[in-house]
Amino acid sequence: MVEALRVAPEKLRRVCEFAKFDFKSTAELSALNEVIGQERAVEAVAFGIDIESPGYHIFALGPSGTGKSTTVRKFLENHAPSRQTPDEWVYVNNFSSPDKPRALKLAPGKGCELRDDMKELIKKLKTEVPQAFRSEDYQKEQENIKNQFQQKQQKILQELEKKARKEGFTVIKKPRGLLLAPVIEGEVMSPEQLNKLDKKKRKKLGEKRDKLKEDLREALYNLRKIKEKSQERIQKLDQEVVEFSVSYIVKKLKEKYADHPEVKEYLELVEKDVLDRVGEFKKLNQPDQQQPPGFFQDQREFLKNYEVNLMVDNCEQQGAPVVVESNPTYYNLLGRIEHVGKLGMMMTDFTQLKPGALHRANGGFLIVEARELLTKPFAWESLKRSLKNRQIKTESMGMEYRPVQMKTLEPEPIPLDLKVVIIGDPLLYYLLYRLDEDFQELFKVKADFSVQTDWVNETEKKYLNLIAEVCEEEQLLHFSPEGAGRMIEHCSRLAGDQRKLDIKLGDIVDLIREASYWGRKANKELVDSAAVETAINKRIYRSNRLEERQQELIEQGTILIDTDGAEPGQVNGISVLPLGDYSFGKPSRITARSFVGDGGVVNIDREIELGGPVHNKGVMILTGYLGSKFAGEAPLSLSASITFEQLYSEVEGDSASSAELYALLSSLSELPLRQDLAVTGSVNQRGQIQAIGGVNEKIEGFFKSCENCGLTGKQGVIIPESNVENLMLNNRVTEAINRGEFNLYAISGVTQGIELLTGKPAGERQEDGSYPEGTVFYRVQKQLIELAEKGKNFSKETED
């Protein structure tokens, strides 16, 4: 029977048949041009980017290292060139409301052209308009208008002076206007002379002055009228000069952008604003006036109103853009409004609007990390709002939460049409799906990345292409067929399954690099299996300090683990300790004690709250198994305790439930259990042994303890039969088993395990419910009956 349960040597690990590879070096192979083992996720991504209905954005989920980001990015980059290049967007000045800049859409490349054309327009306005004002024709025409004004002005003043002289007055020019003054003998009368006149003469002079005042008012009116007409003529002349300089340029631009009505409308507004600013253009022809200290204002500042702020530049873009935003803050997503210090204040205008990732990815694809997005203030909410409203609204962060609202820009929102791909782990996806209603409506496509793929010939070829690609790109040593085969075997070990290969590409690529390093250190031309093995062992050595310390404590006897002999109620269990990037098996002593009472099976670890819920469930199952086996005719009456010895941290998982059952059966039957065997496997109420995790680490962990204490050829591990397909043991263990120095047994039921541990038959229930004499279950049943009788007698004596 023992031999029937022994695991055959060929089942200890799966060996890659590298002899069938038709190359001598991976340098002969082509690079990998597809994704390994992610057909489901790739199909989901393809569906998400092709469907045009709203809300079909993508969440790519999977454990770290599965290549989610790389796979999604490469897939989108390969797909993007076949899509239409998106339009460009620019912000321009809103001449009627400067605090509300206008957004204009242009065909790809046209936004860059409009920006450059407006720069050229500003350049010409700076040079040609001042030149026109300095031209001889303009100066003559302006001088002519001024001369005509002066002549008419002189004529009116002469007529007024003539009338005044006739009445004994003269007209005097003062800064505040024209004054009438009496004259005597050709000289203006002084106040003393005026006072010496008698009352009658002064009255007469007053009457004449009143009469002349009407003429003076009329003259002043005519002078103002002439001056206004003169100024109007000069202004009209100035407008004609500016219009002559700008109309031709604007006309050419309107013809160039005839297919863009909004741009034509904007150019008309530009032309109108230029003509309205004739005075400011005229100042460009004058030297800058001396400014007070600390005060600076460029006379050409107003020309910024004609600039074009290119927010989305697709001039060089071929197809749809793919934007990866590694720091998805609020401003990095939606853009920002910058300010500059001017005149002691912080000023801004439409030229200070800066684009965000949504602007750059508009019409294409945006990739962000979920954890980064969710930890940035306002970023997640703003992204959802943009996707729901399908527009990008650039504004200062948290405007709605400010107690005092400050005047700032309110740029016109830009329509948004893109696909967002969020990369994250499964926990974040399921939390968002459950707690955020918007998430369900916006991210309807789940791209679920796997960590394993089937180990078949086609997958082997892809792994070989991956090795070739990494070696070629990073100038590493290429692999021999033997070295490549060892890499594939290690991928199966990482997957924990002979039928599967691990596809955590980050770990695999790291091992390729490290194997190349050790190959070079050994002066090898190609990476062989020895170099790969060295890389694996060195990686383990860098991480297994705590494991070695654990084994030292076992060897010294500080941690009590027996690897030979036999003891009743005591068995070796094995647990797995994960330490981040490394996990190892740790043997533990499990003991059980039974005695009179009706307290049932007590898990000491549970009582002191060191047992996790799954572990506690496993212990409770033991009561169900005992009841089905031994309480068919009478109730089960016993008290028993089970515990992990020398354990000071939480116990979780049910992989030790079979070992706990064996210890309990041993305590009840008083049969000793072999201490040179360790046990792992969970058990159900029917006595079936179920698969567990970390089987390779557990076997290797107990093997190290036995190796340190001395191999006897009898030591070994009992595992569930359903875990045989998960075996990918290291070379030391497989070689020891092949030499007969260590043993591995696979069982499917409790009876097989108890027979291995006790060397006695378990026993089959007979028709009367009893078990054959000399079997384990016979002794257990007998002990249970005796415990029940003792308990009954004790209760009766107590009553008496």
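Residue numbers run consecutively from 1 along every chain, following the written order of its sequence. In view of the model being predicted, local features appear only for residues whose pLDDT reaches at least 70, and side-chain atom pairs are presented and counted only at 80 or more, with totals across whole chains, interfaces and linings using the full set of residues. Remark: hydrogens and water are excluded; side-chain values derive from all non-hydrogen atoms of the structure.

With that settled, consider the nonpolar core. Tyr662 and Leu665 are the most contacted members of the largest nonpolar core, which has 44 residues in total. Think of it this way: any DSSP run of H or I at least four residues long counts as a helix, any run of E at least two long counts as a strand, and we number them from the N terminus. In terms of residue count, the dominant contributor to this core is helix α23 (residues 657-669) (seven residues). Dropping the residues within four chain positions of it, Tyr662 is found in contact with Leu673, Val679, Ile689, Ile747, Gly749, Val750, Gly753, Ile754 and Leu757. For our purposes a nonpolar core is just a set of buried Ala, Val, Leu, Ile, Met, Phe, Trp, Tyr and Cys residues, chained together by side-chain atoms within 4.5 Å. With a 1.4 Å probe rolled over the protein chains alone, any residue whose accessible area is under 20% of its type maximum counts as buried; one over 50% counts as exposed, and the rest are partly exposed. Core analysis: the second largest hydrophobic core is formed by 37 residues, Met118, Val129, Val250 and Leu310 among them. Contacts were defined at the residue level, with two residues in contact if any of their heavy atoms lie within 4.5 Å.

As a per-residue quantity, pLDDT reports the predictor's confidence and falls between 0 and 100. Here the protein averages 87 in pLDDT, and 92% of its residues register 70 or above. Note that pLDDT drops below 50 for residues 289-296; the model gives that stretch four contacts with residues more than four away or on any other chain.

Another aspect to go through is the packing of aromatic side chains. To pair, rings of Phe, Tyr and Trp, with the six-membered ring standing in for Trp, must have centres within 6.5 Å; the planes then decide the type, stacked if under 30 degrees apart, edge-to-face if over 60, and tilted in the middle. Enumeration according to the criterion identifies 19 aromatic pairs in this entry. Grouping aromatic residues by their ring pairs yields a cluster made of Phe59, Trp380, Tyr429, Tyr430, Tyr433, Phe439 and Phe443. Stacked on the ring of Trp455, the Lys or Arg Arg14 has its end atom at 3.9 Å from the ring centre. By definition, being over a ring means that NZ of Lys or CZ of Arg is both within 6 Å of the ring centre and within 35 degrees of the ring normal.

Side-chain alternation along strand β1 (residues 58-61) places Ile58 and Ala60 on one buried face and Phe59 and Leu61 on a second face that is also buried. Any two strands with at least two DSSP bridges between them are considered paired. Note: β1 against strand β16 (residues 419-424), four bridges, orientation parallel. Considered in β16, the bridge of Ile58 is made with Val421. Of the strand pairs in this sheet, β1 and strand β17 (residues 445-448) are connected by four bridges, and their pairing is parallel. Among the inter-strand pairings, Ile58 is bridged to a residue of β17, identified as Val445.

Here we have seven strands laid out as an open sheet, ordered β23-β24-β22-β21-β26-β29-β30, and mixed in their pairing. Strands with a single pairing partner mark the edges of an open sheet, and in this sheet they are β23 (600-603) and β30 (743-747). Averaged over all adjacent pairs, the angle separating strand axes in this sheet is 30 degrees, with direction ignored. One ladder, built from six bridges, connects strand β22 (residues 583-595) with strand β24 (residues 639-644); its direction is antiparallel. Looking across to β24, one finds that Thr591 is bridged to Thr643. Only the contacting stretch of a helix is used when fitting its axis, a line to C-alpha atoms as for every element, and angles between N-to-C directions run 0 to 180 degrees. Where helix α22 (residues 613-630) meets the sheet, its contacts fall on β23 and β24, and the angle it forms with β23 comes to roughly 165 degrees. Running over the sheet, α23 touches β21 (570-578), β22, β23, β24, β26 (677-679) and β30 and is turned about 30 degrees from β22.

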